[in-house]
Amino acid sequence: MSRAVVEASNVWFVPGGARGVTAACVKELARRQSGSVFVLAGRSDIVSWPEGMDVTSDMKQLRGALISVARASGQTPSLPDVDRQAKALLAGQEIRETLDDISMSGAQAVYLRTDMSDRASIQSAIAKVSQQYGSITGLVHGAGVLSDGLALKKSREDVAYVFGPKVEGLAMLLEAIDLSQLRHVGLFSSASAVFGNVGQSDYAMANAWLGAMARKLSADLPDAIVKSFCWGPWAGGMVDSSLAGHFASRGISLIGLEDGARIFADQILQGERSEVELLIGDEWAG
């Protein structure tokens, strides 16, 4: 099969790809590969928006609306319950918007609720994809969580929580997928794997493992493009306004969503095969 045909159509499986910076990267891939199928996997449900309530992405406004609706029906909602409901609604809305954007590019968008810490859930998802769309030829592993804290104070449960989706999830995923069919592999690592970061010893270790796995996959799959993206901080995703200010005070610029997505798509589709681990910061942008 020619390189042009390979890059025109793929079946992509993307854990963690429905929201955040991974979603921005997937949208850029979809713009370049309109004939592809993108299966986004995540733990969140796509919660239906309450009837009669205006759709909003403003957390404060949404909380107020939910409290008003509850009170109008004679309920006295607790703030933790309101927060949980609001976060679920916003997550579902972001997933819908990602799927819509991919579809508007001409590609096919699918969402599968999958727990990347559970072997049965992963195996079920891969079986469904293979049966409905054929072999998975593109893998983007964007799943990951944080549990920041000093190493001396971390519990076994803290470390297991961080390692679950990123390390164990990928290991179980690679067992379930037919690796011989893979043409493109992108693993979302972090600059913390290279430089470390205070409070993120487990996160740094998990991401360093991704780099080692990427090197192994690159050696085992010589015809595939395999990349471990050691991202610096993005202007979005896990970086809120307070974190952005922290990085600015240290002279660290953020990676813009458009720049990061462009870099990702360029590298995973046409990058040099010998360059497996990429440390990416703002100097790549522009």
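Scroll up a little and you will see the structure.
Read on for a plain summary of the structure. Per chain, the residues get numbers from 1 upward, laid out in the order the sequence is written. Only residues with pLDDT of at least 70 are given local features in this predicted model, and only at 80 or more are side-chain atom pairs given and counted; all residues enter the totals for whole chains, interfaces and linings. The basis for every side-chain value is the complete set of heavy atoms in the structure, and neither hydrogens nor water enter the calculation.

**What to know about the overall build of the protein**
Only DSSP runs of H or I covering at least 4 residues are called helices, and only runs of E covering at least 2 are called strands; the numbering of each starts at the N terminus. For the protein, the helix and strand inventory stands at ten helices and seven strands. A total of 286 residues make up the protein; the buried ones form 46% of that total. Sequence-distant contacts in the protein: of pairs separated by 6 or more residues, those separated by 24 or more amount to 76%. Here the protein displays about 14100 Å² of accessible surface, and carbon together with sulfur accounts for 51% of that area. Buried residues are those whose accessible area, probed at 1.4 Å on protein chains only, stays under 20% of the maximum for their type, while exposed residues exceed 50% and partly exposed ones sit between those limits. Note on definitions: a residue-residue contact is assigned when non-hydrogen atoms from the two residues lie within 4.5 Å. Using a 1.4 Å probe, accessible areas were evaluated by the Shrake-Rupley method; residue-level cover was limited to the displayed protein chains.

**Looking at the packing of helix 2 (residues 20-32) against helix 10 (residues 257-270)**
Note on definitions: angles span 0 to 180 degrees between N-to-C directions of axes, and those axes are lines fitted to C-alpha atoms, for helices only across the stretch in contact. Close contact between helix 2 and helix 10 brings their axes to 8 Å; oriented N to C, the two are set at 55°. With respect to helix 10, the axis of helix 2 lies oblique. In this structure, helix 2 crosses over helix 10, and the sense of that crossing is right-handed. Seen from helix 2, the contacting residues are Val21, Ala24, Cys25, Glu28, Leu29 and Arg32; seen from helix 10, they are Leu257, Gly260, Ala261, Arg262, Phe264, Ala265, Asp266, Ile268 and Leu269. Here the term charged refers only to Asp, Glu, Lys and Arg, the term nonpolar to Ala, Val, Leu, Ile, Met, Phe, Trp, Tyr, Cys and Pro, and the term polar to all other amino acids, Gly among them. Classifying every residue of the contact of helix 2 with helix 10 by side-chain character gives ten nonpolar, one polar and four charged. Roughly parallel means an angle under 35 degrees; roughly antiparallel means over 145; roughly perpendicular covers 65 to 115; every other angle is labelled oblique. Left-handed describes a crossing whose near helix is turned anticlockwise from the far helix by less than a right angle; the clockwise case is right-handed.

**Brief notes about the pairing of strand 7 (residues 277-280)**
Going residue by residue along strand 7, you find Leu278 and Ile280 tucked away on one face and Glu277 and Leu279 left uncovered on the opposite face. Strands were regarded as paired on the criterion that DSSP finds at least two bridges between them. Both strand 6 (residues 225-231) and strand 7 contribute to a ladder of four bridges, which runs parallel. Looking at the pairing, Trp231 lines up with Ile280 of strand 7.

**Section: helix 10**
By this rule, a helix spans an expected 1.5 Å times one less than how many residues it contains. Taking 1.5 Å of rise per residue, the 14 residues of helix 10 would be expected to cover 20 Å, and the 20 Å separating its terminal C-alpha atoms lies within 8% of that figure. Among all positions in helix 10, only Gly260, Ala261, Ile263, Phe264, Ala265, Gln267, Ile268 and Leu269 are buried.

**A look at the nonpolar core**
As used here, the term nonpolar core means buried Ala, Val, Leu, Ile, Met, Phe, Trp, Tyr and Cys residues forming a set that is joined through side-chain atoms within 4.5 Å. If you look at the biggest cluster of nonpolar residues, it comprises 31 residues, and the most contacted ones within it are Phe13, Ile136, Leu139 and Leu173. Only strand 1 (11-15), strand 2 (37-42), strand 3 (108-113), helix 5 (119-133), helix 6 (156-176), strand 5 (184-190) and helix 8 (201-220) provide two or more residues apiece to this core. Setting aside residues no more than four positions away along its own chain, Phe13 makes contact with Val39, Ala41, Ala125, Ile126, Val129, Ile136, Gly138, Leu139, Val140 and Leu173. One finds Val14, Leu29, Phe229 and Ile280 within the second-largest nonpolar core, a separate group that totals 28 residues.

**Structural notes on helix 5**
If you check helix 5, its first and last C-alpha atoms are 21 Å apart, about what 15 residues at 1.5 Å a residue would give, namely 21 Å. Buried within helix 5 we find Ser121, Ile122, Ala125, Ile126 and Val129. In an axial view of helix 5, the angular spread of the buried residues amounts to 130°, which keeps them on one side of the axis. Along helix 5, exposed side chains directed more than 90 degrees from the buried face belong to Ala120 and Gln131. Packed against the buried residues of helix 5 are strand 1, strand 2, strand 3 and helix 6. We call two N or O atoms a polar contact when they sit within 3.5 Å, provided that within protein one can donate a hydrogen and the other can accept it, with sequence-adjacent residues counted only if both atoms are side-chain atoms. The distance from a side-chain oxygen at the start of helix 5 to the backbone nitrogen of Ala120 is 3.3 Å, and the residue carrying that oxygen is Asp118. Phi for Gly134, located one or two positions after helix 5, is positive at around 100°. Of all possible arcs, the one meant is that of the directions from the helix axis to the C-beta atoms.

**Some words on the pairing of strand 4 (residues 138-141)**
The alternating pattern of strand 4 places Gly138 and Val140 and Leu139 and His141 on opposite faces, both of which are buried. The pairing of strand 1 with strand 4 spans two bridges and is classified as parallel. Residue Trp12 lies in a different strand from strand 4, and its bridge partner there is Gly138. Looking at chain direction, strand 4 and strand 5 are connected through four bridges and run parallel. In the strand pairing of strand 5, Leu139 is matched with Val185.

**Structural notes on the side chain of His141**
As for its position among the elements, His141 is in strand 4. Only 3.1 Å separates the side chain of His141 from the backbone oxygen of Lys166, close enough to count as a polar contact. Each residue touching His141, except ones within four places of it in the same chain, is listed here: Pro15, Met116, Pro165, Lys166, Leu170, Leu173, Gly186, Leu187, Phe188 and Leu210.

**As for the packing of aromatic side chains**
Pairing of aromatic rings covers Phe, Tyr and Trp, the last through its six-membered ring, and needs centres within 6.5 Å; plane angles under 30 degrees mean stacked, over 60 mean edge-to-face, and all others mean tilted. If you walk through the whole model with that rule in mind, you get seven aromatic pairs. Summarising the aromatic geometry, the rings of Phe229 and Trp231 are spaced 5.3 Å apart at their centres and angled 10° between planes, so their arrangement reads as stacked. Both residues of the pair, Phe229 and Trp231, belong to the buried class. Each residue in the set Phe188, Phe229, Trp231, Trp234 and Phe264 is aromatic and connected to the rest through ring pairs, giving one cluster.

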